[in-house]
Amino acid sequence: MAALTHLGRDGEARMVDVGEKDETLRTAIAEGAVAMKLETLALILQGDAKKGDVIATARIAGIMAAKRTHDLIPLCHPLLLTKVSVDIAPDEALPGLRVTALARVTGKTGVEMEALTAATIAC
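Residues numbered from 1 in each chain as written. Predicted model: local features only at pLDDT ≥ 70, side-chain atom pairs only at ≥ 80, totals over all residues. Heavy atoms only, no water.

Asker: Can you lay out the overall build of the protein chain for me, pointing to particular residues and giving the numbers?
Answerer: Per the secondary structure count, the protein chain includes four helices and three strands. The secondary structure elements of the protein chain, listed N-terminal to C-terminal, are β-α-α-α-β-β-α. Taking 14 Å as the expected radius of gyration for a compact globule of 123 residues, we find that the protein chain reaches 17 Å, considerably beyond that expectation. Over its C-alpha atoms, taken along the principal directions, the protein chain stretches across nearly 55 × 30 × 25 Å. (Helix = DSSP H or I, 4+ residues; strand = E, 2+ residues; numbered from the N terminus. Rg over C-alpha atoms; globule rule 2.2 N^0.38 Å.)

Asker: Please provide a residue-by-residue account of the layout of surface pockets, values included.
Answerer: Which parts of space are left empty comes out when a probe the size of a water molecule is rolled across the atoms. Of the volumes computed, that of the largest pocket is approximately 290 Å³. For the largest pocket, the lining is made up of 16 residues, of which H6, L75, H77, T109 and G110 are closest to its centre. (1 Å grid on protein atoms, 1.4 Å probe; cavity = no way out; pocket = protein on both sides within 12 Å on 5 of 7 lines; lining within 4 Å. Points joined across faces, edges and corners; volume = space filled by probe spheres on them.)

Asker: Please set out the nonpolar core residue by residue, giving values where relevant.
Answerer: One finds V86, I88 and L97 to be the most contacted residues of the largest nonpolar core, which totals 21 residues. Elements with a minimum of two residues in this core: β1 (24–35), α1 (38–46), α2 (54–67), β2 (83–91), β3 (96–107) and α4 (112–122). With five residues, the top contributor of residues to this core is β3. Setting aside anything within four residues of it in sequence, one finds I88 in contact with I55, A58, R59, L97, R98 and V99. (Core = buried A, V, L, I, M, F, W, Y, C linked by side-chain atoms within 4.5 Å. Buried < 20%, exposed > 50% of the residue type's maximum accessible area, 1.4 Å probe, protein only. Contact = heavy atoms within 4.5 Å.)

Asker: Tell me about the pairing of β2, residues and numbers included.
Answerer: Bridge count between β2 and β3: nine bridges; the pairing is antiparallel. Considered in β3, the bridge of V86 is made with A101. Adjacent in sequence and paired antiparallel, β2 and β3 are bridged by four residues. (Pairing = 2+ DSSP bridges.)

Asker: Let's hear about the pattern of salt bridges: which residues, and what values?
Answerer: Pairs can form between side chains of opposite charge once their charged atoms are near each other. Inspection of the entire model under this criterion finds two salt bridges. One salt bridge in this structure joins R68 and D71, with 2.6 Å as the shortest N-O distance. With a relative accessible area of 45%, D71 lands in the partly exposed category. Between R98 and D91 there is a salt bridge, with the nearest N and O atoms lying 2.6 Å from each other. Taking relative accessible area as the criterion, D91 reaches 18% and is therefore assigned buried. (Salt bridge = Lys/Arg side-chain N within 4 Å of Asp/Glu carboxyl O.)

Asker: Please provide a residue-by-residue account of the side chain of T109, values included.
Answerer: Assignment of secondary structure puts T109 in the loop between β3 and α4. Residues in contact with T109, not counting those within four places in the same chain, are V18, R26, H77 and L79.

Asker: Before we move on, could you go through α4 and cite the residues and values that matter?
Answerer: Those residues of α4 that fall on the buried side of the exposure criterion are E114, A115, T117, A118, A119 and A122. On its buried face, α4 is in contact with β1, α2, α3 (69–72), β2 and β3.

Asker: Can you lay out the side chain of D91 for me, pointing to particular residues and giving the numbers?
Answerer: Of note, D91 is situated in strand β2. Side chain to side chain, D91 and R98 meet in a polar contact 2.6 Å long. Leaving out residues up to four positions away in the same chain, D91 has contacts with L41, G96 and R98. (Polar contact = N/O pair within 3.5 Å; in protein donor to acceptor, adjacent residues only side chain to side chain.)

Have a look at this one:
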């Protein structure tokens, strides 16, 4: 079994040293869904929600969250993200909204946590 990268020999949490790694293009995609009453979905899609454009607000919140992942999740490296997108699509079969977040960077560490954070906050 492989050792956990964020735990030291004595089990203490630590940030991984990525200084010797090569910079590569890294992309991560995370998905989530929010289930709701069909009537609620209709209100959102019609633009009649009392708090405004729910989908636009969720999209912006997800993008902002990806950019702040290192402030929200312990031991994450701050990254110079080159792309973050949050796509939100209605799904009447759910019923609700499906969220797909993409994070991209050219760097020494992955962007999985940024994609997960974007999807989670958007949801």
